[in-house]
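Chain by chain, the residues run as shown.
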Amino acid sequence: MQNDFPDFIRALPHPDVETALNCYLSSGDRGLVMFYEARDEDVVVPEHVHGDQWGIVLSGTVRMQIGDRIGEYRRGETYFVPGGVPHVTWVAAGTRGLDVFEEHDRYTPPVDPPSPD
């Protein structure tokens, strides 16, 4: 099994927020796809809320508290976070996954400074 995302995914924009996850974004008018990985250490994404989110674990383990329910997801398993429901996510080191967000602007790539002419 391949352990890394291919170069064309790694070349996608990164989010404009500080995160311990390596993230790669692809968005359109109707949603956002985020490839993510926790390479060398476990990562905790603190409680937060947003629109609908669906995800799949590609390798490793993701544990989520969605509202009052805690679930653990492994390779090939999916999860769904309904919009407006508070959730916390724990991503184990070595985990890769893919999340699809209802909001196309949930994360945005940083604005690059103008290039010198």
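Please refer to the structure placed before this passage.
As the structure is a computational prediction, the values presented were derived from the model and not from experiment.

S.K.: Looking at this structure, I do not really get the pattern of salt bridges. What am I missing?
M.R.: Opposite charge on two side chains permits pairing when their charged atoms draw close. Under the definition given, this model contains 5 salt bridges. The salt bridge involving R10 is made with D4; its shortest N-O contact spans 3.4 Å. Judged by its relative accessible area of 23%, R10 falls in the partly exposed class. With a relative accessible area of 34%, D4 lands in the partly exposed category. The partner of E37 in a salt bridge is R10, and the shortest N-O contact between them spans 2.7 Å. Within this pair, whereas E37 is found in strand β2 (residues 31-38), its partner R10 is found in helix α1 (residues 7-10), the two being separated by 27 residues in sequence. Here the residues in one salt-bridge network are D4, R10, E37 and R39, joined through shared partners.

S.K.: What's the story with the nonpolar core in this structure? I'm lost.
M.R.: Counting 18 residues, the largest nonpolar core has L21, M34, Y36 and M64 as the members making the most contacts within it. Within the residue set of this core, elements represented by two or more residues are β1 (22-28), β2, β5 (61-66) and β7 (78-81). The element contributing the most residues to this core is β2, with 4 residues.

S.K.: Is there a simple way to think about the sheet that holds strand β4 (residues 53-59) in this case?
M.R.: The pairing of strands in a sheet comes from backbone hydrogen bonds and takes either a parallel or an antiparallel form. Taking strand neighbours across the sheet as the criterion, the 5 strands line up as β1-β2-β9-β4-β7 in an open arrangement whose pairing is antiparallel. In the strand order of this sheet, the two ends are held by β1 and β7, each with one partner. For this sheet, the mean angle separating the axes of adjacent strands, direction not counted, is 15 degrees. Bridge count between β4 and strand β9 (residues 95-101): 6 bridges; the pairing is antiparallel. When the bridges of β9 are listed, G55 appears paired with D99.

Reading the values: the criteria
- Every chain's residues receive numbers from 1 upward, in the order its sequence appears when written.
- Per-residue local features are limited, in this predicted model, to residues with pLDDT of at least 70; the limit for side-chain atom pairs, both in listing and counting, is 80 or more; totals at the level of whole chains, interfaces and linings are taken over all residues.
- Excluding hydrogens and water, the side-chain values take into account all heavy atoms of the structure.
- Any carboxyl oxygen of Asp or Glu that lies within 4 Å of a side-chain nitrogen of Lys or Arg is treated as forming a salt bridge with it.
- Relative accessible area decides the class of each residue, using a 1.4 Å probe on protein chains only: under 20% of the type maximum gives buried, over 50% gives exposed, and in between gives partly exposed.
- In this description a helix means any DSSP run of H or I spanning at least four residues, a strand means any run of E spanning at least two, and both kinds are numbered starting from the N terminus.
- What is meant by a nonpolar core is a set of buried Ala, Val, Leu, Ile, Met, Phe, Trp, Tyr and Cys residues, joined one to another through side-chain atoms within 4.5 Å.
- The pairing criterion is simple: DSSP has to find at least two bridges between the two strands.
- Whenever a helix is involved, its axis is fitted only over the stretch in contact; in every case the axis is a line through C-alpha atoms, and angles between N-to-C directions fall within 0 to 180 degrees.

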